[in-house]
Amino acid sequence: MVLALALVVAGCAAPRQERPAEGPQDPAVRLEAALVSPTDIALRWRGRDPGAAGHVLEFATEPQGPYTILGFLPPEQTTYTHPDLMPRTTFHYRLRPYYGAASAPVDVTLGDGPYPKPGPGWAEPRVIPGGSPGKRPVGGEGAAPTGLTATVTQADGVAFRWADQARDEEGFLLEDRPAGRSDYRVIAVLAPDVNAFGLVTLPEERHASYRVRAFRYGPPSNVVRRTTGDDLPSPTTGKD
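Calculation criteria
Residues numbered from 1 in each chain as written. Predicted model: local features only at pLDDT ≥ 70, side-chain atom pairs only at ≥ 80, totals over all residues. Heavy atoms only, no water. Pairing = 2+ DSSP bridges. Helix = DSSP H or I, 4+ residues; strand = E, 2+ residues; numbered from the N terminus. Axes fitted to C-alpha atoms, helices over the stretch in contact; angles between N-to-C directions. Core = buried A, V, L, I, M, F, W, Y, C linked by side-chain atoms within 4.5 Å. Buried < 20%, exposed > 50% of the residue type's maximum accessible area, 1.4 Å probe, protein only. Polar contact = N/O pair within 3.5 Å; in protein donor to acceptor, adjacent residues only side chain to side chain. Contact = heavy atoms within 4.5 Å. pLDDT = per-residue confidence, 0-100. Phe/Tyr/Trp six-rings, centres within 6.5 Å; stacked < 30°, edge-to-face > 60°. Lys NZ or Arg CZ within 6 Å of the ring centre and 35° of its normal.

Participant: I tried to follow the sheet that holds strand S8 (residues 146–154) on my own but got confused; where do I start?
Facilitator: Ordered in space as S8-S9-S12, the 3 strands form an open sheet in which the pairing is antiparallel. Two strands close off the open sheet at either side, each with one partner strand: S8 and strand S12 (196–200). Neighbouring strand axes in the sheet, compared pairwise and without regard to direction, differ in orientation by 20 degrees on average. Strand direction decides the pairing type here: strand S9 (residues 157–163) and S12, joined by 5 bridges, are antiparallel. In the strand pairing of S12, glycine 157 is matched with valine 200.

Participant: What's the story with the nonpolar core in this structure? I'm lost.
Facilitator: The nonpolar side chains of a soluble globular protein tend to be buried, and buried together. Phe160, Trp162, Leu190, Phe197 and Tyr210 are the most contacted members of the largest nonpolar core, which totals 22 residues. Elements with a minimum of two residues in this core: strand S7 (106–109), S9, strand S10 (171–178), strand S11 (185–190), S12 and strand S13 (207–217). Ranked by size, the runner-up nonpolar core spans 15 residues in total, among them Ala33, Leu43, Leu70 and Phe91.

Participant: Can you help me understand the side chain of histidine 92 in this one?
Facilitator: Locating histidine 92 in the fold gives a position in strand S6 (residues 90–99). At a separation of 3.0 Å, a polar atom in the side chain of histidine 92 contacts the side chain of arginine 225. With residues up to four places along the chain from it excluded, the contact list for histidine 92 reads Glu58, Phe59, Ala60, Thr61, Glu62, Pro63, Tyr67, Val223, Val224 and Arg225.

Participant: Help me out: how do you make sense of the confidence of the model for the protein in this one?
Facilitator: When pLDDT is low, close inspection of the predicted coordinates is not appropriate. Residues with a pLDDT of 70 or more make up 84% of the protein, whose mean pLDDT is 85. No element of the protein has a lower mean pLDDT than S8, at 93, and none a higher one than strand S5 (residues 79–82), at 98. Long-range and interchain partners of residues 1–23, a stretch whose pLDDT sits below 50, account for 82 contacts in this model, where long-range means more than four residues apart. Segment residues 236–240 is flagged for pLDDT under 50; beyond a separation of four residues in sequence, or across chains, it makes 0 contacts in the model.

Participant: Help me understand the packing of aromatic side chains, please; the structure alone is not making it clear to me.
Facilitator: Any two aromatic rings considered together are summarised by their centre-to-centre distance and by the angle between their planes. Counting across every chain of the model gives 8 aromatic pairs. With a centroid separation of 5.3 Å and an interplanar angle of 70 degrees, the aromatic rings of phenylalanine 72 and tyrosine 98 are classed as edge-to-face. Pair noted here: phenylalanine 72 is in strand S4 (residues 68–73) and tyrosine 98 is in strand S6, with a separation of 26 residues, a long-range link. Across the pair, tyrosine 98 and phenylalanine 72 agree in class, each one buried. Where phenylalanine 160 meets tyrosine 210, the ring centres are 5.0 Å apart and the plane angle is 55 degrees; that geometry is what we call tilted. Of this pair, phenylalanine 160 sits in strand S9 while tyrosine 210 sits in strand S13, placing them 50 residues apart in sequence. Summarising the burial analysis for this pair, phenylalanine 160 and tyrosine 210 share the class buried. Members of the aromatic cluster, each reached through a chain of ring pairs, are Phe72, Tyr98, Phe215 and Tyr217. The ring of tyrosine 67 has arginine 94 sitting right over it, with the charged end atom 4.0 Å from the ring centre.

Okay, here's the thing in structure tokens:
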């Protein structure tokens, strides 16, 4: 299953007191939130686990969730603004580290073809028959996916395959770095054991570097809560 990584959502009103998150918490990170407009919430965090590949920022509109992913963020990022939210709604936020090494990258350049028409279901995340399950724990030596290949299947399509070396991943992340960018970004979140996936590229990805990562989540940070205000101006009263 591919998970959307950019969401425009509903929002929160008067700030509320934070309560500790249930379950284990990541002591390395402290999350803070501020209402910077009636329907915009700014998030900031301090601290970092040096072993983490990045952080996952999540939100919910109910105290116990379910939580929705706002983004997989690079380890050096420490701020995020959640804009244009639904008025008079309480938002709950938490941050989780994720761990796991990435594969060696492959470079892809899309040309003008012609390309053969891809078979049905070529882009679906799937487990290739005959692929052996991984045997190493995520975070351990040799657990990164190996043998990543990228095959151009149509004018804007790329089919990826790799070998799964991890035994306990919570999923795979497909990451890319378009030409001109200095860092990789997560563009797809895939289920455990998947080792084939097809991507329909954006124009900026006609020349890009790609890699795949088996990952596991770490414990969440503290949970912060903010409530949005009213996004409509108050009606004016009085005589003309």
